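Next come the chains, spelled out residue by residue.
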Amino acid sequence: MTREIDTDVCVVGGGPAGLVLALLMLRSGARVTVMECARAHQRVFRGEILQPGAMALLDALDVLVGARARGAHEHDRFLVIEGERVLLEADYRLLAAPYDHLLSVPRPHLLDELLAHCRRSPGFRYLPGRRAGALLWREERIAGVIAEGPPGRCAVRARAVVGADGRFSRIRRLAGIGAGRADAFAQDVLWCTLIAPREEPPLRDVRVFRTGGGPVLVYGSWPNRVQLGWTLPHRRYGHIAALGLDHVKERLVRAVPEYATLIRDQVRTPADLHVLEVFSARAERWVADGLVLIGDAAHTHSPIGAQGINLAVQDAVVLHPLLARALAEGDTSAERLAEFERRRGPDIAAVMRMQTLQSRAILSQGAFTTRVRPRLARALRRTPLYRKILQRMAYGNPSIRIADAGVCGRT
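Thresholds, definitions, all that
- Within every chain, residues take consecutive numbers counted from 1 along the sequence as written.
- Residues qualify for local features only when their pLDDT is at least 70, as the model is predicted, and side-chain atom pairs are given and counted only at 80 or more; totals for whole chains, interfaces and linings, by contrast, use all residues.
- Only hydrogens and water are set aside when side-chain values are computed; all heavy atoms of the structure are taken into account.
- Numbering of helices and strands runs from the N terminus, with a helix taken as a DSSP run of H or I at least four residues long and a strand as a DSSP run of E at least two residues long.
- Throughout, the radius of gyration refers to the C-alpha atoms, and the reference size of a globule is 2.2 Å times the residue count to the power 0.38.
- The rule is simple: take the accessible area with a 1.4 Å probe, protein chains only, and divide by the maximum for that residue type; under 20% is buried, over 50% is exposed, in between is partly exposed.
- Any two residues having at least one pair of non-hydrogen atoms within 4.5 Å are treated as being in contact.
- In these tables, accessible area is a Shrake-Rupley quantity obtained with a 1.4 Å probe, and a residue counts as shielded only by the protein chains included in the view.
- A pair of strands is labelled paired if DSSP reports no fewer than 2 bridges between them.
- Only one rule defines a salt bridge in this text: a Lys or Arg side-chain nitrogen within 4 Å of an Asp or Glu carboxyl oxygen.
- Throughout, an axis means a line fitted to C-alpha atoms (over the contacting stretch in the case of helices), and angles, computed between N-to-C directions, take values from 0 to 180 degrees.
- Aromatic contacts are taken between Phe, Tyr and Trp rings whose centres are within 6.5 Å, Trp giving its six-membered ring; a plane angle under 30 degrees counts as stacked, one over 60 as edge-to-face, and the others as tilted.
- Here, a charge over a ring is recorded when the distance from Lys NZ or Arg CZ to the ring centre is within 6 Å and its angle to the ring normal is within 35 degrees.
- Working definition of a nonpolar core: buried Ala, Val, Leu, Ile, Met, Phe, Trp, Tyr and Cys residues. They are joined through side-chain atoms within 4.5 Å.
- To estimate the expected span of a helix, subtract one from its residue number and multiply by 1.5 Å.
- Between N or O atoms, a polar contact is any pair within 3.5 Å; within protein, one atom must be a potential hydrogen donor and the other a potential acceptor, and residues adjacent in sequence are included only when both atoms are from side chains.

A count of helices and strands for the protein gives 13 helices and 21 strands. By the compact-globule yardstick of 22 Å for 411 residues, the protein fits well, its C-alpha radius of gyration being 22 Å. When its C-alpha atoms are laid out on the principal axes, the protein stretches across 65 × 50 × 40 Å. Here the protein holds 411 residues, and 55% of them are scored as buried. Summarising the internal contacts of the protein: among those between residues at least 6 apart in sequence, 75% fall at separations of at least 24. By element, 52% of the accessible surface of the protein is carried by carbon and sulfur atoms, the whole surface being about 18,100 Å².

What follows covers the sheet that holds strand β3 (residues 49-50). Overall, antiparallel pairing links the three strands, which are arranged β3-β7-β4 in an open sheet. One side of each edge strand has no neighbouring strand; the edge strands of this open sheet are β3 and β4 (73-75). Note: β3 against strand β7 (residues 102-104), two bridges, orientation antiparallel. Note that in β7 the partner of Ile49 across the bridge is Ser104.

A word on the pattern of salt bridges. Evaluated as defined, the whole model comprises 22 salt bridges. Across the pair Arg31 and Asp8 runs a salt bridge, and its minimum N-O distance is 3.1 Å. Separated by 23 residues along the polypeptide, Arg31 in the loop between α1 (16-27) and β2 (32-36) and Asp8 in strand β1 (residues 3-12) bring together distant segments of the chain. Arg31 sits in the partly exposed class, given a relative accessible area of 25%.

Along the chain, Pro202 falls in the loop between β13 (187-195) and β14 (205-209). Overall, Pro202 belongs to the partly exposed group, its relative accessible area being 41%. Distance in space between the C-alpha atoms of Pro202 and Asn310 is 23 Å, their sequence separation being 108 residues.

Note on sheets: strands pair through backbone hydrogen bonds, and any given pair is parallel or antiparallel. Taken in spatial order, the seven strands line up as β6-β5-β14-β15-β16-β13-β17 in an open sheet, and their pairing is mixed. Each of the sheet's edge strands pairs with one partner strand only, and the pair in question is β6 (85-91) and β17 (274-277). For this sheet, the mean inter-axis angle between neighbouring strands, taken without regard to orientation, is 20°. As judged from the six bridges shared by strand β5 (residues 77-82) and β6, these two strands associate in the antiparallel manner. In the strand pairing of β6, Phe78 is matched with Ala90. Sitting on the sheet, helix α7 (residues 245-255) is in contact with β13, β14, β15 (216-221) and β16 (225-233), with an inclination near 105° to β16.

All told, the structure shown has three aromatic pairs when counted by the stated rule. Taken together, a centroid distance of 5.8 Å and an interplanar angle of 55° make the contact between Phe168 and Phe279 tilted. Of the two residues, Phe168 sits in the loop between β11 (154-163) and α5 (170-174) while Phe279 sits in the loop between β17 and β18 (280-282), which places them 111 residues apart along the sequence. Owing to a relative accessible area of 3%, Phe279 belongs among the buried residues under this scheme. An angle of 50° between the planes, with centres 5.6 Å apart, marks the rings of Trp286 and Phe340 as tilted. Placement of Trp286 in the loop between β18 and β19 (287-288) and of Phe340 in helix α11 (residues 339-363) is noted, with a sequence separation of 54 residues between them. A cation over a ring is seen here: Arg181 above Phe279, with NZ or CZ 4.0 Å from the ring centre.

Counting 103 residues, the largest nonpolar core has Met25, Val32, Leu50, Tyr92, Val145, Leu291 and Leu323 as its most contacted members. Looking at this core, the element that brings in the most residues is helix α9 (residues 308-328), giving 13 residues. Setting aside residues up to four positions removed in sequence, Val32 forms contacts with Thr7, Val9, Val11, Ala22, Met25, Leu26, Gly123, Phe124 and Arg125. If you look at the next biggest cluster of nonpolar residues, it comprises 27 residues, including Leu190, Phe209, Val216 and Val226.

In terms of burial, β11 is largely enclosed, as nine of its 10 residues are buried. Two strands pair when backbone bridges link them, and β1 and β11 are joined in this way by nine bridges, in the parallel orientation. In the strand pairing of β11, Arg3 is matched with Cys154. Pairing of strand β10 (residues 141-148) with β11 involves four bridges; the strand directions are antiparallel.

As a further point, take α1. For α1, spanning 12 residues, the distance from its first C-alpha to its last is 17 Å, which sits close to the expected 16 Å at 1.5 Å a residue. Within α1, burial applies to Pro16, Ala17, Gly18, Leu19, Val20, Leu21, Ala22, Leu23, Leu24, Met25 and Leu26.

On to the side chain of Gln227, then. Structurally, Gln227 can be placed in strand β16. In this structure the side chain of Gln227 is engaged in a polar contact, spanning 2.8 Å, whose partner is the side chain of Thr193.

Given below as structure tokens:
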């Protein structure tokens, strides 16, 4: 038997974008049902670095303190290093307190805190372990989602559906919206997590080591983990892996020799390594009648610059007042919801341009990159332009603020 659920907003995807939007809509008086295919955050998460922009918004939601209390690490700088030379540096300590750092928060800590806040509202339902099986339609508009999974089948009837289910969004596909994929970043990232000795202090910097075999990202993760992300040419890892696990490990050791012992001792099977396919995309459209896409479902980015959570949280904050007013006025047409893409689209385009420049800076070779650019970067640091660029990296669009809760009327 199919369980019937009636709600105002059905959010598909319980990541940062989906849960922040759910919390905001609940505070505006809407009934919200969140559907998440994973159970108890069982899937592997990699992106966990919060930029100051996301921290400020989560703080305004009273979520940041609780997420930090579950465990987090602060990072002062973002560095690009080759040998003993720092090629590029973004020093977050130059920003105004209290958001004068990056923050590494395990994704479950953030999601658990957001869920705890959502569950305080009687209008909230959470459906873990269920995936979107089909869309419900009414008079040629999307009117809900069929949720399928081991806990049981549900028909979630909603006045608006929000696709927040990631870069391979099923909701987007079910709605017939093209992903708009562009392989501007023709790389993949091989991730592994190492356990550092507890007596060692956590890393204070997010570092990218430029090596002949490809850049390697290194940062400290709570409680005593070190995350390594090795950038490889797109689809190249299969060729490297065919040479054996020991070959892969020794390639990593050559790239980051200070972690040689940890890599050799702790990378024991291929399952200890995870490949992330890197690409950028912007969906052909972000809305349909009764539907809006946010986060990676609408626009997918490279991990360069740690913008993922920042953009997800900001998407939810921008959409919230638009969706609340649309529900209050009984109009969730594509024409009405398209205001979200009109407002948010320029910000997303700016981030994609910035990431393209960052990618070139990290991956480029030659004397200009290794000799001239570091001198220019040091000179730039002494100018107001440096702080302006840093502010843009940290906050994105500085005008994004959480709207007053208001009331989401029902028709």
